[in-house]
Amino acid sequence: MRSNQTLKYFAYFIKHIPQLKEKEKKILFGRLKEITLNEIGKSFDLTEGRIRQIEKEAIAKIKSKIYQLSLFK
């Protein structure tokens with residue numbers, strides 16, 4: 001179980017990344033709240049595998065953005 005402080009931090013961080021699409025944000029929020037891939041997939045009418053792919057792509061975008069920002073510090 002994640003603490004409220006951790007959830008708030010990551011939720012704020014995810015909300016403010018303009019490169020993420022709304023679907024990607026919703027999937028990441030769901031995963032932060034520990035909702036299963038199956039439950040998220042049902043809400044989007046997608047398979048677990050496709051949700052996993054979208055999640056992976058979103059995380060790659062976040063990692064890329066963090067790396068880019070670190071170059072300018």
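About the criteria used
Here the residue index of a chain counts from 1 through its sequence in written order. Local features are withheld for residues below a pLDDT of 70 in this predicted model, meaning they are given only at 70 or higher, and side-chain atom pairs are given and counted only at 80 or more; totals for whole chains, interfaces and linings count all residues. Excluded from the side-chain calculation are hydrogens and water; included are all heavy atoms of the structure. Starting at the N terminus, helices and strands are each numbered in turn, a helix being any DSSP run of H or I of at least four residues and a strand any DSSP run of E of at least two. Here's how the labels work: a residue is buried when its accessible area is under 20% of the maximum for its type, exposed when over 50%, partly exposed in between, all with a 1.4 Å probe on protein chains only. Should any heavy atoms of two residues lie within 4.5 Å, those residues are counted as being in contact. By nonpolar core we mean a set of buried residues, namely Ala, Val, Leu, Ile, Met, Phe, Trp, Tyr and Cys, connected to one another through side-chain atoms within 4.5 Å. Throughout this description, the term salt bridge denotes a Lys or Arg side-chain nitrogen within 4 Å of a carboxyl oxygen of Asp or Glu. Per-residue confidence from the prediction method is given by pLDDT, with values spanning 0 to 100. For helices, the fitted axis covers only the stretch in contact; all axes are lines through C-alpha atoms, and the angles between them, taken along N-to-C directions, range from 0 to 180 degrees. Comment on the angle field: the value is read as roughly parallel under 35 degrees, roughly antiparallel over 145, roughly perpendicular from 65 to 115, and oblique elsewhere. Crossings are assigned a handedness: left-handed for a near helix turned anticlockwise from the far helix by less than a right angle, right-handed for a clockwise turn. Throughout, the ten residues Ala, Val, Leu, Ile, Met, Phe, Trp, Tyr, Cys and Pro are labelled nonpolar, Asp, Glu, Lys and Arg are labelled charged, and all others, Gly among them, are labelled polar.

1. Comments concerning the overall build of the protein
Line of reasoning, step 1. A count of helices and strands for the protein gives 4 helices and 0 strands.
Line of reasoning, step 2. Seen in sequence order, the protein has helices and strands lined up from the N terminus as α-α-α-α.
Line of reasoning, step 3. For the protein, the proportion of its 73 residues judged to be buried stands at 25%.
Line of reasoning, step 4. Restricting the contact set of the protein to residue pairs at least 6 apart, pairs at least 24 apart contribute 47%.

2. A few points about the nonpolar core
Line of reasoning, step 1. Ranked by size, the top nonpolar core spans 7 residues in total: Ile14, Ile17, Leu20, Leu28, Leu32, Ala58 and Ile62.
Line of reasoning, step 2. When residues no more than four places from it in sequence are discounted, the contact partners of isoleucine 14 are Leu20, Lys25, Leu28, Phe29 and Leu32.

3. A look at the pattern of salt bridges
Line of reasoning, step 1. For the coordinates displayed, the defined rule picks out 4 salt bridges.
Line of reasoning, step 2. Measuring nitrogen to oxygen at the nearest pair gives 3.9 Å for the salt bridge that ties lysine 25 to glutamate 22. Residue lysine 25 and its partner glutamate 22 are located together in helix 2 (residues 22–32), separated by 3 residues, close to a single helical turn.
Line of reasoning, step 3. Its relative accessible area of 11% is what places lysine 25 among the buried residues.
Line of reasoning, step 4. Linking glutamate 57 and arginine 50 is a salt bridge whose minimum nitrogen-to-oxygen distance equals 3.9 Å.

4. Observations regarding the confidence of the model for the protein
Where the model shows low pLDDT, its predicted coordinates should not be examined in detail.
Line of reasoning, step 1. Averaged over every residue, the pLDDT of the protein is 88; the share at 70 or more is 90%.
Line of reasoning, step 2. The least confident element of the protein is helix 1 (residues 4–15), whose mean pLDDT is 85; the most confident is helix 3 (residues 37–44), at 96.

5. Quick word on the packing of helix 2 against helix 3
Line of reasoning, step 1. For the pair helix 2 and helix 3, interaxial distance at closest approach is 10 Å and the crossing angle is 150 degrees. The orientation of helix 2 relative to helix 3 falls into the category roughly antiparallel. Seen along the crossing, helix 2 lies across helix 3 with a hand that is right-handed. Here Lys23, Lys26, Ile27, Gly30 and Arg31 of helix 2 come into contact with helix 3, specifically with Leu37, Ile40 and Phe44.
Line of reasoning, step 2. Along the lines of polarity and charge, the residues of the contact of helix 2 with helix 3 split into 4 nonpolar, 1 polar and 3 charged.

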